[in-house]
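Below, each chain spelled out in residue letters.
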Amino acid sequence: MRARCAHVNCSDNGAARRFQRPTSFRQPRHRVKGAALVMKSGHTMRQTLFAFSAVLLLNSVVQAADARPNILFIFTDDHAAHAMSCYGSKINTTPNLDRIANDGMLFTNCFCTNGICGPSRAVIQTGKHSHINGFMTNGDRFDGSQQTFPKLLQKTGYQTAVVGKWHLSTAPQGYDYSEVLIGQGPYYNPPMLLNGDKKPVKHVGYTTDIITDLALNWLKEKRDDDKPFMLMYQHKAPHRNWQPGPKYLNMYDDVEIPEPENLLDDWSGRGTAAQTQDMSIRTTMTASDLKLVPPGGLSPKQLETWNKAYEPKNKAFREANLEGDDLIRWKYQRYIKDYLRCVASVDDNVGRVLDYLEEAGLAENTVVIYSSDQGFYLGDHGWFDKRFMYEESYRMPFFVKWPGKTKPGSVNHNLVSNLDFAETFLDIAGAEIPADMQGKSLKPLVLAGPSESTDKTPAPTSISFNQNLLDCTQPDFRDALYYHYYEFEANRKTAHMVRRHCGVRTGTQKLIHFYNLEEWEFYDLEKDAREMRSFYDDPAYAERIAELKLRLAELQKQYEVPDDSGSVPADPPSMHSKPNAPRPGRNNAKKNAA
């Protein structure tokens, strides 16, 4: 177990302090022996003292490095903030995630720059927008030779590791240890790539458990106890197609999950993009999504357990012969229960890691951060998936626990983004932030207390939170955020067929430009938190919309965004083509359950 300055317990009333001697204070044996040899060889006392002074200086430098905090970044895939009890979920509880949020600071206005898995991860690695880091859509290959925050942390003496989902096509660089899924990776029995080796290591079991086992094994057995660490502990769950672990296959069986009020949305209040997407619960979900067929890749015992849980439920569904809205509602229940079952496993496993940090004496000097690559539609607007700039998928959960630094039970409403994460990690570690990174360090917000200023970003209306939390929102941090989604092509179908768009969000309003359609949407989030109707054509907002168009242009200039207008025709061949052929080697039950 490493002993650090975090083990110094100081009370405010000046009572006695307990101090455990850090191991880095112990002079290495070979250095002491060397000093003794200097004295025997007849060197002067001045030279001997100089040698000892050099040793002490070196040890003080090591100790200063050891005093820097560890960083544990817990990252999930598609975990919507409104599926966490710390964000006021009405459909589930997440007691272990709440442990982090309740002991630290909850951010209510954290948003992604490009709402899809790989691009979000590339932004976090680089602190740069997608068009700068080169990873704009899933299927791109990340240029690992470019500057990334883990490489910079390594240079300052941090030990770095990443475990779990990577999804950037190339091997991780800047990590002392990596063991990552291949692409998306399966929910069961995942092959994983160890330290960039192309020969997979086969694991048997549930992927959420295995990723946690690997993270704990690295913390316990493989890390260098004399260095601070940065561990990216990254889950596949709860990504589509939401396969629960064995422990939770029957969770919620006797419960009806509340429906979102706009489950049966007809999208009439929005434009072409919302009306032509392919991500609806009504028509897009497959038999595989709905577990009407078992997943591939299970062992015989796993398959037996799976069928025992799902076959009775599937039999009842087939006998019911549902149609219309009743069928949509059944699909929603099946989808959301499986999604929440996956979340429950994530929460359990996060608890395992938090428990270890406490047991090992690491908790007091470890910054714990939780987030997800973007949000997700949980039946909102009748959808699943993400991509759009609408609130449910645009918002990222984000909360930080830094013992002795963050105020427990605090909340922050400033506009922040995954563009800020790399800068924040570097700032927490005391490392220099490169000038070409495009975000802002959130460390000043994490450390801040309440502000007397009234000129602050207001609390959002589109997400819930405990109103008794201490408001630590700060003035003059950021007035607007920029968003840009690219994954839509002219000559081939892309996942869910969401049109390219960019936009700007302030504390209370949002302007979205579907530029290849030449359609705009404007939302007043204070009056229409669920974004059911665009007010773009409302004369009452004309002046404000003009201001937001100027702000959007300013952000595009600031971030050096290339003009993508005309990249895809308004009515491209892809809108009329057949679905792409299934990828080889995957379980593709494409027949709809309806």
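For every chain, the first residue of its written sequence is number 1, and the numbers climb from 1 along that sequence. Local features are withheld for residues below a pLDDT of 70 in this predicted model, meaning they are given only at 70 or higher, and side-chain atom pairs are given and counted only at 80 or more; totals for whole chains, interfaces and linings count all residues. As a convention, hydrogens and water are excluded, and side-chain values are obtained from all of the structure's heavy atoms.

A. Inspection of the overall build of the protein chain at higher detail. Runs of H or I in DSSP of at least four residues are treated as helices and runs of E of at least two as strands, each being numbered from the N terminus. If you tally the helices and strands in the protein chain, you get 14 helices and 17 strands. Burial analysis of the protein chain (594 residues in total) assigns 58% to the buried set. The long-range share in the protein chain, meaning contacts at least 24 apart out of those at least 6 apart in sequence, stands at 72%. Carbon and sulfur atoms make up 51% of the accessible area of the protein chain, which amounts to about 25,100 Å² in all. Buried, partly exposed and exposed residues are distinguished by accessible area as a fraction of the type maximum, computed with a 1.4 Å probe on protein chains only: under 20%, between the cut-offs, and over 50%, respectively. Residue contacts are counted whenever heavy atoms from the two residues lie within 4.5 Å of one another. Note on areas: Shrake-Rupley with a 1.4 Å probe; residue coverage comes only from the protein chains shown.

B. Structural detail: helix 14 (residues 542-558). Taking 1.5 Å of rise per residue, the 17 residues of helix 14 would be expected to cover 24 Å, and the 24 Å separating its terminal C-alpha atoms lies within 8% of that figure. For helix 14, the full list of buried residues reads Ile545, Leu548, Arg551, Leu552 and Leu555. All buried residues of helix 14 fall inside an arc of 115° around its axis, so they share one side. Exposed and facing more than 90 degrees away from the buried side of helix 14 are Glu543, Leu550 and Lys557. On its buried side, helix 14 packs onto strand 14 (481-485), strand 15 (501-505), strand 16 (509-514) and strand 17 (519-524). Looking one or two places after helix 14, you find Glu560, whose phi comes out positive at around 55°. Between the first and last residue of a helix there are one fewer steps than residues, each counted as 1.5 Å, and that sum is the expected span. Think of it as the arc spanned by the lines of direction from the helix axis to the C-beta atoms.

C. Structural view of the pattern of salt bridges. For this analysis, a salt bridge means a side-chain nitrogen from Lys or Arg found within 4 Å of a carboxyl oxygen belonging to Asp or Glu. Considering all chains together, one arrives at 35 salt bridges under this definition. A salt bridge links Arg341 to Asp253, with the nearest nitrogen and oxygen atoms 2.8 Å apart. You can see Arg341 sitting in helix 10 (residues 324-359) and its partner Asp253 sitting in the loop between strand 8 (229-234) and helix 8 (272-276), a full 88 residues away along the chain. On the basis of relative accessibility, which here comes to 2%, the residue Arg341 falls in the buried class. Note that Glu261 is salt-bridged to Arg530, the shortest N-O span being 3.8 Å. Here the residue Glu261 occupies a position in the loop between strand 8 and helix 8, and Arg530 occupies one in the loop between strand 17 and helix 14, the gap between them amounting to 269 residues. A relative accessible area of 69% places Glu261 in the exposed class. One continuous salt-bridge network, built from bridges that share partners, spans Asp78, Asp385, Lys386, Arg387 and Glu487.

D. Structural context of the layout of surface pockets. Buried and open spaces are told apart on a 1 Å grid over the protein atoms alone, a cavity being a set of points where a 1.4 Å probe fits but cannot get out and a pocket being an open set with protein on both sides within 12 Å along at least five of seven lines. Residues with an atom within 4 Å of a point are the lining residues. Grid points are joined across faces, edges and corners, and a volume is the space filled by probe spheres set on the points. Of the voids in this model, the second largest pocket is the one considered here, and its volume is about 560 Å³. His82, Lys90, Pro260, Asp380 and Arg530 are, among the 23 residues lining the second largest pocket, the residues nearest its centre. Three classes are used, and their members are as follows: Ala, Val, Leu, Ile, Met, Phe, Trp, Tyr, Cys and Pro are nonpolar, Asp, Glu, Lys and Arg are charged, and the others, Gly among them, are polar. In terms of residue class, the lining of the second largest pocket is made up of nine nonpolar, six polar and eight charged.

E. Broad picture of the packing of helix 3 (residues 95-102) against helix 10. The N-to-C vectors of helix 3 and helix 10 enclose an angle of 50°; their axes lie 7 Å apart at closest approach. Taken together, the axis directions place helix 3 and helix 10 in an arrangement best described as oblique. Contact residues: Pro95, Asn96, Leu97, Arg99 and Ile100 in helix 3; Asp347, Asp348, Val350, Gly351, Leu354, Asp355 and Glu358 in helix 10. Taken together, the residues of the contact of helix 3 with helix 10 sort by class into five nonpolar, two polar and five charged. In this description, a line fitted to the C-alpha atoms serves as the axis of each element, helices being fitted only across the stretch in contact, and the angle between N-to-C directions of two axes falls anywhere from 0 to 180 degrees. Any angle between 65 and 115 degrees counts as roughly perpendicular, while under 35 counts as roughly parallel, over 145 as roughly antiparallel, and the rest as oblique.

F. How the structure looks around the side chain of Gln438. Topologically, Gln438 is positioned in the loop between helix 12 (421-428) and helix 13 (443-447). Apart from the residues lying within four places of it in its own chain, the contact partners of Gln438 are Gly127, Lys128, His129, Ile132, Leu419, Glu423 and Tyr559.

G. Here's a closer look at the sheet that holds strand 8. Taken in spatial order, the eleven strands make up an open sheet running 7-6-5-4-8-1-9-10-2-11-13, and their pairing is mixed. Two strands lie at the open edges of the sheet, namely strand 7 (201-202) and strand 13 (470-471), each paired on one side alone. Of the strand pairs in this sheet, strand 2 (residues 105-107) and strand 11 (residues 410-412) are connected by three bridges, and their pairing is parallel. Across the sheet, Phe107 pairs through a bridge with Asn412, a residue of strand 11. Relative to the sheet, helix 4 (residues 117-126) contacts strand 1 (70-76) and strand 8, its axis offset from that of strand 1 by approximately 165°. For two strands to count as paired, DSSP must find a minimum of two bridges between them.

H. Region of the structure containing the packing of aromatic side chains. A pair of aromatic rings is counted whenever rings of Phe, Tyr or Trp (Trp by its six-membered ring) have centres within 6.5 Å, and the orientation is called stacked for planes under 30 degrees apart, edge-to-face for over 60 and tilted otherwise. Going through the model one piece at a time under the given rule, you end up with 35 aromatic pairs. Between Tyr339 and Phe376, the ring centres sit 5.9 Å apart and the planes meet at 15°, which makes this aromatic pair stacked. Placement of Tyr339 in helix 10 and of Phe376 in the loop between strand 9 (366-372) and helix 11 (391-394) is noted, with a sequence separation of 37 residues between them. The residues Tyr339 and Phe376 share a single accessibility class, namely buried. Site record: aromatic cluster; members linked through ring pairs are Phe73, Phe75, Phe107, Phe149, Phe398, Phe421 and Phe425.

I. Summary view of empty space enclosed by the protein. Counted by the stated rule, this structure contains five cavities of 30 Å³ or more. The volume enclosed by the largest cavity comes to roughly 60 Å³. What lines the largest cavity is Arg99, Leu354, Leu357, Glu358, Ala363, Thr366, Val368 and Lys401. Where the lining of the largest cavity is concerned, the elements lending two or more residues are helix 10 and strand 9.

J. Inspection of the side chain of Asp380 at higher detail. Within the secondary structure, Asp380 is located in the loop between strand 9 and helix 11. For Asp380, the side chain forms a polar contact with the side chain of His82, separated by 3.0 Å. The contacts of Asp380, once residues within four sequence positions are left out, are His82, Pro260, Asn262, Glu392 and Arg530. We define a polar contact as two N or O atoms separated by no more than 3.5 Å, with the added condition that, inside protein, one atom must be a possible hydrogen donor and the other a possible acceptor, whereas residues neighbouring each other in sequence contribute only through side-chain atom pairs.

Honestly, it's all geometry; don't read function into it.
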